Structures are given as structure tokens and as C-alpha cells.
Amino acid sequence: MIRRMNDKTEFEDNYSNYFRRCVLFARSYVFDQNVAESIAAEALSLYWERRSAGEEIQMVLPFLFSVIRNKALRHLRHESLKSKVHDDMSREIRDELQFRIEALESCDPHTLFAEDVQKILHDTLDSLGGKTGRVFSLSRFNGMTNKDIAEKMGITEKTVEYHISKALKALRISLKDYLPLIAVFLGL
């Protein structure tokens, strides 16, 4: 019982004598109070374990600083590795974003599907018959009004509207996969 009281007293004395200096030493390298306190506590714990196991440590502070040095080195190497991995990941993310930006800048939706859309458009209009295709072409490609088309083709404006509606309905079906790209341009 006396030995235990002496051990406890000795531990408390060592702790109060060395902990603050150990924290200051560790913090001067790791620059983080919590990490420094943890390293100092681990060093004091290791000292106490060895002392309890019967190891004679003549110079306590150099022993503690040596342990702190090694733990701080391990911590800093780990932080350095984390930083390098983070930088590598950041570099990869930046490169990926730059690639996407360049891809979008060079992407021209007008020409992306132009040939496909034109083929489908012409095939669909051809399948509807001459008059419907011609009315739609005059309206959408030549920019003529319904009144102008009616006069030019000798039909009523209602007939022009009918042919445009018929063409738009057929084109919606034919171009359903391309609608997000061309809906604005053709008024679908």
C-alpha cells in the first residue's frame, strides 16, 4: 500500500513537473495544441510504463523529449502524406474539371447531331407528303408567316396551320431523342 501511494505521488510529481514542458516541446513542431497534449501524455505514459517495469531512466526529460520527437516525426510524416494525397486528389479533380470545361467549350450543340437531325427531319417531312413538307419548310426554314404561305400556295391560313401541326406532331415522334437540343430551334 505504501508503494502504491509513492507510485501515485511520483506519477503526479512527474506529470506536474514535465507535462507542460513536454507539451511546449511537442507544440513547437506539430503546431496543434491537442496533438501536442496527446503526444506529451503518450510520452509520459511510456515513461511511466517503463519505470513501472523496473527500467531505470536516469535522465527523464531527455527520454521524454526523445519519445516526443519520434511521435512528432511520425505525426508530421503522416500529415505530410495526407497533404500529398490531398494535393494529388485536388490536382486530379482540377484536371478533370478543366477537361470538362474544355469539352463543354468545344461542344457545339448545333453541329453535334446536325447530320442525324437533318436526315430524320427530311425523311419525316418526305413521308408526310409534298404539301405538308413544303408548308413546314416555308414556315420554319424560310421564316414566312402563315398568311404569306397561304397566299403563295393558294390555300387558306387554317390549312397552313393544319399542315404545320401535322408536321410538328410527326417530328416530335421522329426526333424524340433529339428534342432537348432542337426544341428551341424548331418550336416543337
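Residues numbered from 1 in each chain as written. Predicted model: local features only at pLDDT ≥ 70, side-chain atom pairs only at ≥ 80, totals over all residues. Heavy atoms only, no water.

Going by the annotation in an unreviewed UniProt entry, the name recorded for the protein is RNA polymerase sigma-70 factor, with Candidatus Cryptobacteroides merdavium given as the source organism.

Engineer: Describe the packing of aromatic side chains, naming the residues involved and giving the relevant values.
Structural biologist: By the definition in use, this model includes 5 aromatic pairs. Taking the centre distance of 4.2 Å and the plane angle of 10° together, the rings of Phe 25 and Phe 65 count as stacked. One end of the pair, Phe 25, is in helix 1 (residues 2-30); the other, Phe 65, is in helix 3 (residues 60-106), and 40 residues separate them in sequence. Note on Phe 25: relative accessible area 21%, which makes it partly exposed. Arranged with centres 6.0 Å apart and planes meeting at 55°, the rings of Tyr 47 and Phe 63 form a pair that is tilted. Here the residue Tyr 47 occupies a position in helix 2 (residues 33-52), and Phe 63 occupies one in helix 3, the gap between them amounting to 16 residues. Considered together, Tyr 47 and Phe 63 belong to a single accessibility category, that of buried residues. Grouping aromatic residues by their ring pairs yields a cluster made of Phe 25, Tyr 29 and Phe 65. (Phe/Tyr/Trp six-rings, centres within 6.5 Å; stacked < 30°, edge-to-face > 60°. Helix = DSSP H or I, 4+ residues; strand = E, 2+ residues; numbered from the N terminus. Buried < 20%, exposed > 50% of the residue type's maximum accessible area, 1.4 Å probe, protein only.)

Engineer: Run through the nonpolar core, naming residues and quoting values.
Structural biologist: Formed by 21 residues in total, the largest nonpolar core has its most connected members in Ile 39, Tyr 47 and Leu 64. In terms of residues, this core owes the most to one element, helix 2, which gives 8 residues. Once residues within four sequence positions are removed from consideration, Tyr 47 is found in contact with Asn 14, Ile 57, Val 60, Phe 63 and Leu 64. The next biggest cluster of nonpolar side chains, apart from the first, holds 17 residues, and it includes Val 117, Ile 149, Ile 155 and Ala 170. (Core = buried A, V, L, I, M, F, W, Y, C linked by side-chain atoms within 4.5 Å. Contact = heavy atoms within 4.5 Å.)

Engineer: Give me unusual backbone geometry: which residues, what numbers.
Structural biologist: Phi angles above zero are rare outside glycine, and Phe 31 is one such case at about 55°. Within the element layout of this structure, Phe 31 appears in the loop between helix 1 and helix 2. Residue Phe 31 is classed as exposed on the basis of its relative accessible area of 72%.

Engineer: Could you give me a rundown of the environment of Asp 32, with the residues and numbers involved?
Structural biologist: Examined against the element boundaries, Asp 32 turns out to sit in the loop between helix 1 and helix 2. Classification of Asp 32 by relative accessible area gives partly exposed; the value is 31%. Of note is the side chain of Asp 32, whose polar atom sits 3.1 Å from the backbone nitrogen of Val 35. (Polar contact = N/O pair within 3.5 Å; in protein donor to acceptor, adjacent residues only side chain to side chain.)

Engineer: Which residues make up the pattern of salt bridges, and what values go with them?
Structural biologist: A complete count under the given rule lists 7 salt bridges for this structure. For the salt bridge of Glu 55 with Arg 50, the shortest nitrogen-to-oxygen distance reads 3.8 Å. Relative accessible area serves as the criterion here: at 37%, Glu 55 is assigned to the partly exposed category. Here Lys 84 and Asp 88 are joined by a salt bridge, their closest N and O atoms 3.1 Å apart. A residue pair is termed a helical-turn pair when its members lie 3 or 4 positions apart in one helix, as Lys 84 and Asp 88 do in helix 3 at 4 residues. The partly exposed category is assigned to Asp 88, whose relative accessible area is 25%. Counted as one network, the salt bridges with shared partners bring together Lys 84, Asp 88 and Arg 91. (Salt bridge = Lys/Arg side-chain N within 4 Å of Asp/Glu carboxyl O.)

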